[in-house]
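Structural overview for review
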Amino acid sequence: MYNFNVEEVYVFGDSQNDIDMLRISRNSFAMGNAQKDVKEVARYVIPSNDEDGVAFAIEKILSDDLDNVNI
């Protein structure tokens, strides 16, 4: 519908219903509080929701520092 290139999309998830979305993007982030199977499909694991994990990841994305994202 919006002609997004899946390889350019950044996705964040923490529960079972996010697994399919995390699998299709090479820029997939699982929250630190996510279940083990969710973390296993994501490319990156970031701090939890309570630790401002999305803000942490956005800072890394904008500074082009994705090599130092996984917790």
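Remember, it's a predicted structure, so these values are computed and weren't measured experimentally.

1. Side note on the pairing of strand S1 (residues 10-13)
The two faces of S1 differ: Val 11 and Gly 13 on one face are buried, but Tyr 10 and Phe 12 on the other face are not. With four bridges connecting them, S1 and strand S2 (residues 27-31) associate as parallel partners. In the sheet register, Gly 13 faces S2, and the bridge partner there is Ala 30. In this fold, the crossover linking S1 to S2 by way of helix H1 (residues 19-24) has right-handed handedness.

2. A word on the pattern of salt bridges
Following the criterion strictly, the structure yields three salt bridges and no others. Between Lys 60 and Asp 65 there is a salt bridge, with its nearest N and O atoms 3.0 Å apart.

3. Focus on helix H3 (residues 53-62)
Of all the residues in H3, the buried ones are Gly 53, Ala 57, Lys 60 and Ile 61. Viewed end-on, H3 has its buried residues packed into an arc of 100 degrees, placing them on one side of the element. The outward face of H3, more than 90 degrees from its buried face, is lined by the exposed residues Glu 59 and Leu 62. The secondary structure elements touched by the buried residues of H3 are S1, S2 and strand S3 (44-46). Positive backbone phi, approximately 55 degrees, marks Asp 64, located one or two places after H3.

4. Here's the deal with the side chain of Ser 28
The residue Ser 28 is located in strand S2 in this model. With a relative accessible area of 1%, Ser 28 lands in the buried category. Within polar-contact distance, the side chain of Ser 28 engages the backbone nitrogen of Arg 43 at 2.9 Å. With residues near it in sequence (within four places) discarded, Ser 28 still touches Val 11, Leu 22, Val 41, Ala 42, Arg 43 and Tyr 44.

5. A short note on the sheet that holds S1
The sheet built from three strands is open, its strands ordered S1-S2-S3 with parallel pairing. At either end of the open sheet lies a strand with only one pairing partner, and these are S1 and S3. On average, adjacent strands in this sheet sit at an angle of 30 degrees to one another, irrespective of strand direction.

Reading guide: rules and limits
Residues numbered from 1 in each chain as written. Predicted model: local features only at pLDDT ≥ 70, side-chain atom pairs only at ≥ 80, totals over all residues. Heavy atoms only, no water. Buried < 20%, exposed > 50% of the residue type's maximum accessible area, 1.4 Å probe, protein only. Helix = DSSP H or I, 4+ residues; strand = E, 2+ residues; numbered from the N terminus. Pairing = 2+ DSSP bridges. Right-handed = clockwise from strand over helix to strand, strands pointing away. Salt bridge = Lys/Arg side-chain N within 4 Å of Asp/Glu carboxyl O. Arc of directions from axis to C-beta. Contact = heavy atoms within 4.5 Å. Polar contact = N/O pair within 3.5 Å; in protein donor to acceptor, adjacent residues only side chain to side chain. Axes fitted to C-alpha atoms, helices over the stretch in contact; angles between N-to-C directions.

So far we have only geometry, and geometry alone does not tell us how the molecule works.
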